[in-house]
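Overview (structure and organization)
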Amino acid sequence: MKTVEIKGIKIGEGIPKICIPLTGKTKEELIKEAETVKNMKPDLVEWRADCYEEGENSENSLEMLKTIRGIFDTIPLLFTFRTDKEGGDRPITCADYVNLLENAAKTGFVDLIDVEAFFDTAKTKKLIESLKKCGVFVVASNHHFDRTPSIEEMVNRLETMDSIGAHILKLAVMPRSEEDLMSLLTATVMMKKRTDKPVITMSMGKAGVLSRLCGETAGSAVTFAAGVKASAPGQIPADRIRRTLALLHESFT
Ligand SMILES: O=C1C[C@@](O)(C(=O)O)C[C@@H](O)[C@@H]1O
């Protein structure tokens, strides 16, 4: 598998990398949260700009981004605006979404940008191309908070993300049964043979917790862990997940 290397972090190789999300609502909250998260020594940090009270306002968002970049310095930063359609905190028009992501990429403050692959399929491919020209890595994503699609649909969705040019392919689904968890893991294992790009998958909620731990076997390159506050159901606190991933890795080697 090709790895994506950012600031010395090799995504797609060895132990899954730990990404901690920032979910603060105000500037003050975010600065405090960022300082705490920095001490947790994440491999990657995700700023969930949709959680910020001014997140959809490009100018204010980019100002906040500058502050966050300053705090994390050498830690790879993922910029995400999760739209309300995919479980995010606030709505945004398609034009504002494209604008925000392009402006964030141009600042040079972010290393990776999350693009919801299916927000408008015609526009997504163009958006990914323009973000890549700014030198950022693109994480295509898709979220299902109410169900786990069939294995075939999950594989198709990840393959579409691959075909539209993303560097990393990410899928989050909600299980309703143990079978749903197994379906997500099967789709992840299948993708190992169908792409040479890093894949990130998770089955959310309590029933899906295992999927956040077994990435090294199943083929999920990053696991999202709770820092100050979880950004999705089922996230495990960062210190606990680090210990567990290390223990599993030792057992494999
Ligand atoms: O896409 C994801 C994955 C996620 O939804 C999770 O389930 O851990 C958490 C989000 O913050 C992130 O953008």
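Residues numbered from 1 in each chain as written. Predicted model: local features only at pLDDT ≥ 70, side-chain atom pairs only at ≥ 80, totals over all residues. Heavy atoms only, no water.

Per an unreviewed UniProt entry, the recorded name for the protein chain is 3-dehydroquinate dehydratase, and the organism is Blautia pseudococcoides. In its Sequence similarities (unreviewed entry) section, the UniProt record describing the protein chain reads: "Belongs to the type-I 3-dehydroquinase family." Taken directly from UniProt, the Catalytic activity (unreviewed entry) text for the protein chain runs: "3-dehydroquinate = 3-dehydroshikimate + H2O". (UniProt positions renumbered as here; feature names shortened; annotations may be inferred.)

What to know about the pairing of strand β6 (residues 112-116)
Every regular strand shows the same layout, with side chains that alternate between the two sheet faces. For β6, a buried count of five out of five residues is recorded, marking the element as mostly surrounded by other parts of the structure. In β6, alternate side chains face the same way, and those of L112, D114 and E116 on one face and I113 and V115 on the other are all buried. Two elements, strand β5 (residues 77-80) and β6, share two bridges in a ladder whose sense is parallel. Within β6, the residue paired with F79 across the bridge is I113. Handedness of the crossover joining β5 and β6 through helix α3 (residues 94-107): right-handed. Where β6 meets strand β7 (residues 137-144), five bridges bridge the pair, whose relative direction is parallel. Bridge pairing links D114 to V139 in β7. For the segment spanning β6, helix α4 (residues 121-133) and β7, crossover handedness is right-handed. (Buried < 20%, exposed > 50% of the residue type's maximum accessible area, 1.4 Å probe, protein only. Helix = DSSP H or I, 4+ residues; strand = E, 2+ residues; numbered from the N terminus. Pairing = 2+ DSSP bridges. Right-handed = clockwise from strand over helix to strand, strands pointing away.)

A short note on the site of the ligand
Taken together, E46, R48, R82, H143, K170, M202, M204, R212, F224, S231, A232 and Q235 are the residues near the ligand. Between an oxygen atom of the ligand and a side-chain N or O atom of R82, the distance comes to 2.9 Å. R212 places a side-chain nitrogen or oxygen 2.8 Å from an oxygen atom of the ligand. The protein chains hide 99% of the 320 Å² of surface that the ligand would expose on its own. Of the residues assigned to the shell around the ligand, the class counts are four nonpolar, three polar and five charged. (Near = heavy atom within 4 Å. Polar contact = N/O pair within 3.5 Å; in protein donor to acceptor, adjacent residues only side chain to side chain. Areas by Shrake-Rupley, 256 points an atom, 1.4 Å probe, with all protein chains shown as cover. Nonpolar A, V, L, I, M, F, W, Y, C, P; charged D, E, K, R; others polar.)

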